[in-house]
Amino acid sequence: MTKKSNKSTSHATKHAKPEKKIKSIRETQWHKEKMKRAAETIARVGLPKGFE
Amino acid sequence: MKSDRYITRASRSTLEYTFNSEGPKGRIIKRVSYDSVPGTLHLYNLALGDLNEDGNLNDTVITNNKDTRKVLATVAWTVKQFLHKHPHKSIYIEGNTKARTRLYRIAISNNFDSLNAEFEIFGLTGNDWRPFKHNTNYSAFLVHLKK
């Protein structure tokens, strides 16, 4: 009986590209600025009836 | 929806939706995110970002992947999903640039019949919120479920 080799599996694992981690939009500076701008706009103009 | 859309993956919180734009520039990962606007109780801001090579999401890039209509239909679909999951919340939409805000207006216009059947849509002109009308410039938008 021949012994099965797991060489190809370990080779693939060793050289597999790490999956790209997607940072949350919340971590970005542009999003923080966008949220600040949204809050300022709402504070200035308010909301139409039924929206709050 | 009028247009074909991309399949999205929702986060467990249903506050983030990720999909792949496919076109001549290849596959580009896009993400739509909804976040509570500070100082409000039920208002959530919509943000759309493209994934950069460094793993950051950017909302100022012009992807030009020849699939704008499909991307916008997908964003409109996430609006529906979000409001169905969170019926007491409202969505605030404003682009980082005038061009991006115009793009959001086109997204609403393209999907208006479908959206208007279920949602109230307002546009901001100066300091006034007005019911959304086609071919009108707005600086921001509000969307919520009709009561």
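Note: the structure precedes this text.
Below you will find a few notes about this structure. (Residues numbered from 1 in each chain as written. Chains lettered and ligands numbered in written order. Predicted model: local features only at pLDDT ≥ 70, side-chain atom pairs only at ≥ 80, totals over all residues. Heavy atoms only, no water.)

1. Remarks on the packing of helix H1 (residues 68-85) of chain B against helix H2 (residues 98-110) of chain B
Residue and element names in this part refer to chain B. Which entries qualify depends on this criterion: Helix axes are fitted to C-alpha atoms over the stretch in contact, other axes to C-alpha atoms as well, and angles between N-to-C directions run from 0 to 180 degrees. Helix and strand assignments follow DSSP, with helices taken as H or I runs no shorter than four residues and strands as E runs no shorter than two, numbered in order from the N terminus. Angle categories: roughly parallel below 35 degrees, roughly antiparallel above 145, roughly perpendicular from 65 to 115, and oblique for all the rest. Any two residues whose heavy atoms approach within 4.5 Å are treated as being in contact. Here the term charged refers only to Asp, Glu, Lys and Arg, the term nonpolar to Ala, Val, Leu, Ile, Met, Phe, Trp, Tyr, Cys and Pro, and the term polar to all other amino acids, Gly among them.
Here H1 crosses H2 at 75°, and the two axes come no closer than 9 Å. As the angle between them shows, H1 and H2 are arranged roughly perpendicular. Seen from H1, the contacting residues are Thr68, Arg69 and Leu72; seen from H2, they are Leu103, Ile106, Ala107 and Asn110. The residue makeup of the contact of H1 with H2, split by class, is four nonpolar, two polar and one charged.

2. Concerning the nonpolar core
Quick note on the threshold: The criterion is simple. A nonpolar core is a set of buried Ala, Val, Leu, Ile, Met, Phe, Trp, Tyr and Cys residues joined through side-chain atoms within 4.5 Å. Relative accessibility under 20% of the residue-type maximum defines a buried residue, over 50% an exposed one, and the middle range a partly exposed one, all with a 1.4 Å probe and only protein chains included.
Of all hydrophobic cores here, the largest spans 27 residues; its most connected members are Tyr34, Leu46 and Ile91 of chain B. Per-element accounting of this core gives the leading share, five residues, to H1 of chain B. Membership of the second largest hydrophobic core comes to 13 residues, among which are Ala38 and Ile42 of chain A together with Leu43 and Tyr92 of chain B.

3. Topic: the interface of chain A and chain B
Spelled out, the test is: Salt bridges are defined by distance alone: a side-chain nitrogen of Lys or Arg within 4 Å of a carboxyl oxygen of Asp or Glu. Think of a polar contact as two N or O atoms within 3.5 Å of one another; within protein, one of them needs to be a possible hydrogen donor and the other a possible acceptor, and neighboring residues in sequence only count if both atoms come from side chains.
On the chain B side, the residues contacting the 25 residues of chain A number 43 residues. At the surface where chain A touches chain B, the tally comes to one salt bridge. The partner of glutamate 94 of chain B in a salt bridge is arginine 37 of chain A, with the nearest N and O atoms 3.4 Å apart. Viewed at the interface, chain B and chain A are joined by nine residue pairs in polar contact (both at pLDDT 80 or more). Residues belonging to the side of chain A that touches chain B are distributed by class as follows: 11 nonpolar, six polar and eight charged.

4. Considering the environment of asparagine 135 of chain B
Residues and elements named next belong to chain B. Looking at the element boundaries, asparagine 135 is found in the loop between strand E8 (128-131) and strand E9 (141-145). Judged by relative accessible area, which is 72%, asparagine 135 ranks as exposed. Taking the C-alpha atoms as reference points, asparagine 135 and leucine 46, 89 residues apart in sequence, are found 22 Å from one another.

5. Looking at the environment of proline 48 of chain A
Considering the arrangement of structural elements, one finds proline 48 of chain A in the segment after helix H2 (29-45). Under the relative-accessibility criterion, proline 48 of chain A is labelled buried at 11%.

6. Details of the packing of aromatic side chains
Centre distance and the angle of the planes are the two values used to describe a pair of aromatic rings. All names here are of chain B. The criterion, for reference: Stacked, edge-to-face and tilted are the three classes for Phe, Tyr and Trp ring pairs, Trp counted by its six-membered ring, which pair at centre distances within 6.5 Å; planes under 30 degrees apart are stacked, over 60 edge-to-face, the rest tilted. Whether a charge sits over a ring depends on NZ of Lys or CZ of Arg being within 6 Å of the ring centre and within 35 degrees of the ring normal.
Here the structure, examined in full by the defined rule, presents 10 aromatic pairs over all chains. What links up through ring pairs into an aromatic cluster is the set Tyr17, Tyr34, Tyr44 and Phe82. The positively charged end of arginine 5 is found above the aromatic ring belonging to tryptophan 77, 3.8 Å away from the centroid.

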